[in-house]
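# Overview (structure and organization)
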Amino acid sequence: MKLHPRSLGQLPTRVYVGYSVYKGKAALTVEPMTPEFSPLDSGAFKLSKEGFVLLQFAPAVGVRQYDWGRKQVFSLSVTEIGNIISLGAKVSCEFFHDPNKGRSDEGKVRKVLKVEPLPDGSGHFFNLSVQNKLVNVDESIYIPITKAEFAVLVSSFNFIIPYLLGWHTFANTMKTDDANRANSANPRSADFEWNR
């Protein structure tokens, strides 16, 4: 479906977007995931879970062929995204996740994402290591990301962070509040304010 400016009011309720990088040894897709809100007794809503960015790594099985059945995933929190955005050309970072933390299976799944500069300074390596004792998986998938690809990621991350925090929803309620105030206010009082 092609979207035209006239049809924007008729968008489907859910739109899927992402950014993908395909290399010889692996592919990486990056997708934003929406925040969650909980209703309050007052009828308002409160952010209950920040959004995140889902990284999906798939190993190559041939030329331009990737095994998405063996993909490994890593969810970047807003703070982790901030870490990646602030990386310099010669700086690295590392994140550790245990998806079962606080549960009976704690420690049985270990995920480590390392983002390290390439030796020649041409970009960064994204390396995801997953040890899953529940299904006997021990895998490491790495993909080089060029400076240009990294710039696209950083730009996308900068754009999406306020949405992951739910700030767009708050801003939309401000517009509604402003419209309600304007409708209920005496229009002459606004004119009077500016004509002093």
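See the structure printed just above.
Now for a description of the structure that goes with this document. (Residues numbered from 1 in each chain as written. Predicted model: local features only at pLDDT ≥ 70, side-chain atom pairs only at ≥ 80, totals over all residues. Heavy atoms only, no water.)

### Quick word on the sheet that holds strand 10 (residues 123-132)
The pairing of strands in a sheet happens through backbone hydrogen bonds and is either parallel or antiparallel. The sheet built from four strands is open, its strands ordered 8-9-10-11 with antiparallel pairing. Whereas interior strands pair on both sides, the edge strands pair on one side only; in this sheet they are strand 8 (93-97) and strand 11 (137-146). On average, each strand axis in the sheet is tilted by 10° relative to the strand beside it, whichever way the strands run. Where strand 9 (residues 109-117) lies against strand 10, nine bridges are found, and the strand directions are antiparallel. Residue Val112 lies in a different strand from strand 10, and its bridge partner there is Ser129. Against the sheet, helix 2 (residues 147-164) touches strand 10 and strand 11, its axis set at about 100° to strand 11. (Pairing = 2+ DSSP bridges. Helix = DSSP H or I, 4+ residues; strand = E, 2+ residues; numbered from the N terminus. Axes fitted to C-alpha atoms, helices over the stretch in contact; angles between N-to-C directions. Contact = heavy atoms within 4.5 Å.)

### Observations concerning the pairing of strand 5 (residues 52-62)
The side chains of a regular strand alternate, residue by residue, between the two faces of the sheet. By the criterion of burial, strand 5 is predominantly enclosed, with eight of the 11 residues buried. Looking at chain direction, strand 5 and strand 7 (residues 72-76) are connected through five bridges and run antiparallel. Paired with Phe57 across the two strands is Gln72, which belongs to strand 7. Taken together, the two bridges between strand 5 and strand 6 (residues 65-66) define a ladder with antiparallel strand orientation. In the strand pairing of strand 6, Ala60 is matched with Tyr66. Adjacent in sequence and paired antiparallel, strand 5 and strand 6 are bridged by two residues, among which Arg64 carries a positive phi angle near 55°. (Buried < 20%, exposed > 50% of the residue type's maximum accessible area, 1.4 Å probe, protein only.)

### Considerations on helix 2
Residue pairs spaced three or four apart in an α-helix point in one direction, given the helix's 3.6 residues per turn. Here helix 2 contains 18 residues, and its C-alpha end-to-end distance of 25 Å stays within 8% of the 26 Å for a straight helix at 1.5 Å per residue. Along helix 2, the residues classified as buried are Glu149, Phe150, Leu153, Val154, Phe157, Ile160, Ile161 and Leu164. Immediately downstream of helix 2, the backbone of Gly166 shows phi near 80°, a positive value. (Expected span 1.5 Å × (residues − 1).)

What is shown is where atoms sit, not what they do.
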